[in-house]
Amino acid sequence: MISLQQVTKNYDEKVALKDLNLTIPQGKIFGFLGHNGAGKSTTIKCLTSVIEPTSGEIYFDDLSLKEHRREIKQKIGYVPDTPDLFLQLSANEYWHLIESAYQLNSVESANRKLDLIKLFAMEDHADEVINSFSHGMRQKVIVIGALLSDPDIWILDEPLQGLDPQAAFDLKNLMKDHVKKGKTVIFSTHVLDSAQQLCDELAILKQGELLYQGSVDSLLERHPGQSLETIYLNMINTPLATPFVEESHES
C-alpha cells in the first residue's frame, strides 16, 4: 500500500498540490484523472522522487520515501510524461543503461527484454537513434525500459499517449496481467474510456486537490443514469468541496 499524507508541492507562488491525502492499494490498477494542470504529473513525480514535495510524507508500505529512497526506487518502473529522453542514444544503448542501473544480468531479464522488444515490434529499430523516432516509437522505448526489471510497482504518466492501437492494446494487457500477480499499476490519463476500462480505483484531481477517490463502479452508482464523462465534467466544473473517498480499500 502507498500512502500520501498531507502532500503539498509549491512552485514559487503556484500551488501544484495542496494537502493531498491518498491511499493506493496494492494489487490494483490505480488511475489519476484530471484536466491539464490538475496535479497528476506532479503527484507521479513526487511518488518517483523526480521532485520533492514541499511538505508532507509518502510511504510505500511502512517505509518513508525520504528515508528509504534508493530501496523504494528499485521497486518502481517509471514512464515519464514525455518520451524525449536520452535522444542521442540508440534504443539498445538506452536499454543497456537501464540494465546497468538495475544490475540486470540474468538469463531471465535478457529473455524479458527480448519478449518486450518483440511485443512492441521494435526488433528492426533497436540500433536506431531515439532522436530519429516518432513520438510513439520513443514511447515504446521508454515503456520497454521501465518494464525491464519486472518491478513490483509500475508508475506510468500518460503511457498510452502516442502509441499505435496495437501497442496500446498490448500495454493495457500487460497492466492487467501485472495486477493479477498481486502487484501495482499507477497511471495517469486524460482518456475517460481508458480509465473506465482499466481502473480498479481512481483519483480525480482539480487544481491540486482531490475530488474523488474510489472505484469507477462506486462513482457511477452515486450518479445513476449518468455517463462517466458527464459525472467527471460536472465534478471538474463545480466549486471545490470536501472530497469523496471510499472508506475501505482491499490490499
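As the structure is a prediction and not an experimental result, all values here were calculated from the model.

The rules behind these values
- Counting from 1, residues in each chain are numbered in the order their sequence is written.
- A pLDDT threshold of at least 70 governs which residues receive local features in this predicted model, and a stricter bar of 80 or more applies before side-chain atom pairs are shown or counted, although totals over entire chains, interfaces and linings include all residues.
- As a rule here, side-chain values come from all non-hydrogen atoms in the structure, and water together with hydrogens is ignored.
- Think of a nonpolar core as a cluster: buried Ala, Val, Leu, Ile, Met, Phe, Trp, Tyr and Cys residues, connected wherever their side-chain atoms sit within 4.5 Å.
- Relative accessibility decides the category of a residue: with a 1.4 Å probe and only protein chains considered, values under 20% of the type maximum give buried, values over 50% give exposed, and everything between is partly exposed.
- Each helix is a run of H or I in the DSSP string that is no shorter than four residues. Each strand is a run of E no shorter than two, and both are numbered from the N terminus.
- In this description, contact between two residues means that some pair of their heavy atoms is separated by no more than 4.5 Å.
- Paired strands are those between which DSSP finds at least two bridges.

Participant: Mind laying out the nonpolar core, listing which residues take part and the relevant values?
Facilitator: Core analysis: the biggest nonpolar cluster contains 48 residues, and W95, F120, M122, V141, I144, M175 and I204 have the highest contact counts within it. In terms of residue count, helix 5 (residues 135-147) provides more of this core than any other element does, seven residues in total. Those residues in contact with I144 that lie beyond four places of it in its chain are W95, L116, I117, F120 and M122. L20, L22, I72 and I153 belong to the second largest nonpolar core, which has 25 residues in total.

Participant: I'd like a description of the pairing of strand 1 (residues 2-11), backed by residues and values.
Facilitator: Relative to strand 2 (residues 14-24), strand 1 is paired through seven bridges, and the arrangement is antiparallel. Its bridge partner lying in strand 2, I2 is registered against I24. Sheet analysis places strand 1 next to strand 4 (residues 55-60), joined by five bridges and oriented antiparallel. Its bridge partner being in strand 4, L4 is matched across the sheet by I58.

Participant: Help me get a handle on the pairing of strand 9 (residues 201-206), residues and values and all.
Facilitator: Burial within strand 9 is extensive, with six of its six residues counted as buried. Side chains E201, A203 and L205 project from strand 9 onto one buried face, and the interleaved L202, I204 and K206 project onto a second face that is buried too. Note: strand 9 against strand 10 (residues 209-214), five bridges, orientation antiparallel. Paired with A203 across the bridge in strand 10 is Q213. Linking strand 9 to strand 10, which pair antiparallel, is a turn of two residues; within it Q207 sits at a positive phi near 50°.

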